[in-house]
Amino acid sequence: MEDKKMKLARWNNEMVFPEFFNRIFNEDAENYFGKRNCGCVPAANVIEKEGAFEVEFAVPGMKKEDFKIGLENNVLTVSAEKEQQKEEKEKNYTRKEFAYGSFTRSFSLPKTVDTEKITAAYDNGVLTVSLPKKEEAKTEVSRQIIIS
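Rules and cut-offs
- Residues numbered from 1 in each chain as written.
- Predicted model: local features only at pLDDT ≥ 70, side-chain atom pairs only at ≥ 80, totals over all residues.
- Heavy atoms only, no water.
- Salt bridge = Lys/Arg side-chain N within 4 Å of Asp/Glu carboxyl O.
- Buried < 20%, exposed > 50% of the residue type's maximum accessible area, 1.4 Å probe, protein only.
- Pairing = 2+ DSSP bridges.
- Helix = DSSP H or I, 4+ residues; strand = E, 2+ residues; numbered from the N terminus.
- Axes fitted to C-alpha atoms, helices over the stretch in contact; angles between N-to-C directions.
- Phe/Tyr/Trp six-rings, centres within 6.5 Å; stacked < 30°, edge-to-face > 60°.
- Lys NZ or Arg CZ within 6 Å of the ring centre and 35° of its normal.

A few words on the pattern of salt bridges. Evaluated as defined, the whole model comprises 3 salt bridges. One salt bridge in this structure joins K49 and E54, with 3.4 Å as the shortest N-O distance. Across the pair K117 and D114 runs a salt bridge whose closest N-O atoms are separated by 3.8 Å. On the accessibility criterion, D114 (17% relative accessible area) is buried.

If you want it as structure tokens, here you go:
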């Protein structure tokens, strides 16, 4: 008669490619899902100053050539597109990745903005669009209204 005893086998919990998986699941996940390549719409800070409005976007890792800024029917549109490709060849594997991200933000401008003088600058990961006010908007005098 056959012996039906259970035999225990030792489990080997070592990963076959530990360096490979660490790089994929730690470094590359952070790069792909992190702020450098999130594929999300950046938040906009709108700041009113005495003579202008400023709209700031935090968009690190881009170049000024990646942006398009347009004005149509008093609507300011800021958009960007970026495509990245990366290929790594190691002795045990080849990995090729690509990522694509884009966003579009639109703002209805108040009539007080001088649309002929709008400017934009990109510095250290921040895109700033300056919206100067018209002269008549700058000279508005505040006064108290008396109720009769």
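Now that the structure is up, let's keep going.
So, about the sheet that holds strand β5 (residues 94-108). Strand order across the open sheet formed by 3 strands is β3-β4-β5, with antiparallel pairing between neighbours. The sheet is open, and its two edges are formed by β3 (67-72) and β5, each paired on a single side. The mean angle between the axes of side-by-side strands here comes to 10 degrees, regardless of whether they run parallel or antiparallel. Where β3 meets strand β4 (residues 75-89), 6 bridges bridge the pair, whose relative direction is antiparallel. What sits directly across from K68, in β4, is S79.

Most of strand β2 (residues 52-58) sits out of view: 5 of its 7 residues are buried. Alignment of strand β1 (residues 44-48) against β2, held across 5 bridges, turns out to be antiparallel. Bridge pairing in β2 links I47 to E54. In textbook terms, the turn of a hairpin is the stretch between consecutive antiparallel strands, and for β1 and β2 this stretch comprises 3 residues.

Turning to the sheet that holds β1, a few remarks are in order. One open sheet accounts for 4 strands, arranged β1-β2-β7-β6; its pairing is antiparallel. Two strands close off the open sheet at either side, each with one partner strand: β1 and β6 (119-123). Averaged over all neighbouring strand pairs, the angle between strand axes comes to 20 degrees, with direction disregarded.

Moving on: unusual backbone geometry. Within the chain, N73 stands out as a residue other than glycine whose phi angle is a positive 50 degrees. Along the chain, the position of N73 falls in the loop between β3 and β4. Overall, N73 belongs to the exposed group, its relative accessible area being 71%. Its identity is not glycine, yet N124 carries a phi of approximately 50 degrees, on the positive side. Judged by its relative accessible area of 74%, N124 falls in the exposed class.

On to the packing of aromatic side chains. By convention here, two paired aromatic rings are described through the distance between centres and the angle between planes. With the rule as written, the count across this model stands at 3 aromatic pairs. Members of the aromatic cluster, each reached through a chain of ring pairs, are F57, F103 and F107. Sitting above the plane of the F53 ring, K133 keeps its charged end 5.0 Å from the centroid.

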